[in-house]
Amino acid sequence: MTFTPHGKHLIAGNWLAGDDFFASQPAHGPSHPFSKGRIADIDAAAQAAEEAFWSFGYSTREDRAAFLNAIADEIEARADAITEVGTQETGLPEARLQGERGRTTGQLRLFAAHILNGDYLDRRHDAALPDRAPLPRPDLKMIQRPIGPVAVFGASNFPLAFSTAGGDTAAALAAGCPVVVKGHSAHPGTGEIVAEAVLAAIARCNLHPGVFSLIQGGDRAVGSALVQHPLIKAVGFTGSLAGGRALFDLCAARPEPIPFFGELGSVNPMFILDAALANRGEDMAKGWAGSLTMGAGQFCTNPGVAVMLAGEAADRFADVAQAALAEVPAQTMLTDGIADAYRAGQTRIAASAGVQEVLTSVCDQRSASPYLYRTDAKTWLSNEALAEEVFGPLGVIVTAETSEEMQAVARSLQGQLTCTLHMDDADLDTARSLMPILERKAGRVLANGFPTGVEVCDSMVHGGPYPASTNFGATSVGTLSIRRFLRPVCYQNLPDALLPEQIG
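The sections below set out a description of the structure shown in this document. All chains use their own residue numbering, which begins from 1 and follows the written sequence. Totals for whole chains, interfaces and linings use all residues, but because this is a predicted model, local features are given only for residues with pLDDT of at least 70 and pairs of side-chain atoms are given and counted only at 80 or more. Side-chain figures throughout are based on the complete set of non-hydrogen atoms in the structure, without hydrogens or water.

Time to look at the sheet that holds strand S6 (residues 140-146). For two strands to count as paired, DSSP must find a minimum of two bridges between them. Helix and strand labels come from DSSP, where a helix needs a run of H or I of at least four residues and a strand needs a run of E of at least two; each type is numbered from the N terminus. Taken together, the three strands give an open sheet; going across it, the order is S5-S6-S21, and neighbouring strands pair in antiparallel fashion. Of all strands in the sheet, those bounded by a partner on one side alone are strand S5 (124-126) and strand S21 (486-492). Adjacent strand axes in the sheet meet at a mean angle of 25° when their direction is disregarded. One ladder, built from seven bridges, connects S6 with S21; its direction is antiparallel. Bridged to Arg 145 within S21 is Arg 487. Each axis is a line fitted through C-alpha atoms, and for a helix only the stretch in contact is used; angles between axes span 0 to 180 degrees, taken between their N-to-C directions.

Following this line, the structure appears as structure tokens:
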């Protein structure tokens, strides 16, 4: 049965239409009208979220875990409709949408299990010492408490895992924070179906309907109104550096500044060391080509830069990578805007002095073909624009003359989501010299792998120093992401009857 979106916002349990509409722009299939969000819609959703917080923020871990599991159940019950509309809107293949749906429900269930364990609360207790001299110590207890309503911006490149009920929403709900989602106009139908699943879970768990709202579309003023609303206490965002920085600045300029947890971009450099390059260069080049072009390169962990020492092994690496990339056909990008930005980025790299074209192609409309460029470390170090992310299947090989020059390339990097070392045992000394630099630059350091794809688990860090993210001490993936929406509260000499139930 074909799903036809109704195009309305979900605000406090009600599907509401506005008086202005936008049309979806699917990669294939029919377009549908959707209501444009208004500032009044933002206010209504934020007010409902604040009202819901007085019950949801003080709910038990068991009740919130049941809610997260119910959302996962309801998403799976709509699996076929999600795949149908999602593939139409994004151009992503069915297998990718099905895998992303599994990741979305998996992280909801993981967070449910995690909060039941209770470790995330970081409970601490310093018992009273009434006889301590010269001053007695009071009884002190500490626990993490939810901060209040959270705004979440849907991501263009992950219609499920980083959008309506994705990682930010799941983390906020797990913490006890109601959520107002600003849906992404690239996949509004997919967002609507997932919002229906959340609404069904709310009814099933008998929760306040203001615990979740979805506002579709809208111009920049609507997004600005969301992050500036006085009842919103934090923001989760995955998107462009320019858009994220603008929202970050608005959060900081509020009368009450709030945290903006933005995941903004990264070139995810790989450092391919000498012995590994000599022994496994061809295999690594083929693996890089596959990682670089996966999903048309539309992953925030796409490894766009490969750094290595100049020489015959580097030349062979470039030749093999060029041949592997040349076999990759054009792929549909998520939106016309992303395709336009990819072409603009490619033009910027190609026009840079000292950059050599290794593989060029033609991209038109919403399609993307791979590009490969090569430059030397001196050129890289003299042109900061080469280190700016190109979102798509474009790679740059940087060759250094010495290991010291390779270290200079590493030091020149801005904050990254990932940095990768490809190394053999004979490369350990060089790797040791790079490690202090790389761990200062990235939230995740890999060895002998490719960073595309992020495991949802307890130890994952998906974040890093700016501009990879706006909060270097946080992650947007994994159970640690829940901590973003909590704050520590200390209770001094309070009777047990007044303490939070979860503190025991």
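After that view of the structure, there is still more to cover.
Helix span, expected: 1.5 Å multiplied by one less than the number of residues in the helix. With 15 residues, helix H11 (residues 336-350) extends 21 Å from end C-alpha to end C-alpha; this agrees with the ideal 21 Å at 1.5 Å per step. The contact definition used throughout considers only heavy atoms, calling two residues in contact when any of these lie within 4.5 Å. Here the buried face of H11 lies against strand S16 (367-368), strand S17 (371-376) and strand S18 (394-400).

Next up on the list: the packing of aromatic side chains. For Phe, Tyr and Trp, where Trp contributes only its six-membered ring, two rings pair if their centres lie within 6.5 Å, and the inter-plane angle classes them as stacked under 30 degrees, edge-to-face over 60, or tilted in between. Evaluated as defined, the whole model comprises 14 aromatic pairs. Between Phe 248 and Phe 260, the ring centres sit 6.2 Å apart and the planes meet at 75°, which makes this aromatic pair edge-to-face. In this pair, Phe 248 is assigned in helix H8 (residues 241-253) and Phe 260 in strand S11 (residues 260-263), connecting sequence segments 12 residues apart. Buried means the residue's accessible area, taken with a 1.4 Å probe over protein chains only, is under 20% of the maximum for its type, while exposed means over 50%, and partly exposed covers the values in between. Residue Phe 260 is classed as buried on the basis of its relative accessible area of 3%. Taken together, the ring pairs in this structure connect Phe 153, Phe 237, Phe 248 and Phe 260 into an aromatic cluster. The ring of Phe 158 is capped by Arg 96, whose NZ or CZ atom sits 4.9 Å from the centre of that ring. Working rule: Lys NZ or Arg CZ, within 6 Å of ring centre, within 35 degrees of ring normal, means a charge sits over the ring. One cation-aromatic arrangement involves Arg 103 over Phe 158; the distance from NZ or CZ to the ring centre is 5.6 Å.

Moving on, we come to the sheet that holds strand S20 (residues 442-447). Taken in spatial order, the seven strands line up as S15-S17-S18-S13-S12-S19-S20 in an open sheet, and their pairing is mixed. The sheet terminates laterally at strand S15 (356-359) and S20, the two strands that pair on one side only. Ignoring which end each strand starts from, the neighbouring axes of this sheet average 20° apart. Here S15 runs beside S17; their pairing, made up of three bridges, is antiparallel. Paired with Glu 357 across the two strands is Tyr 373, which belongs to S17. Along the sheet, helix H13 (residues 403-412) makes contact with strand S12 (270-272), strand S13 (305-309) and S18, crossing S13 at roughly 160°.

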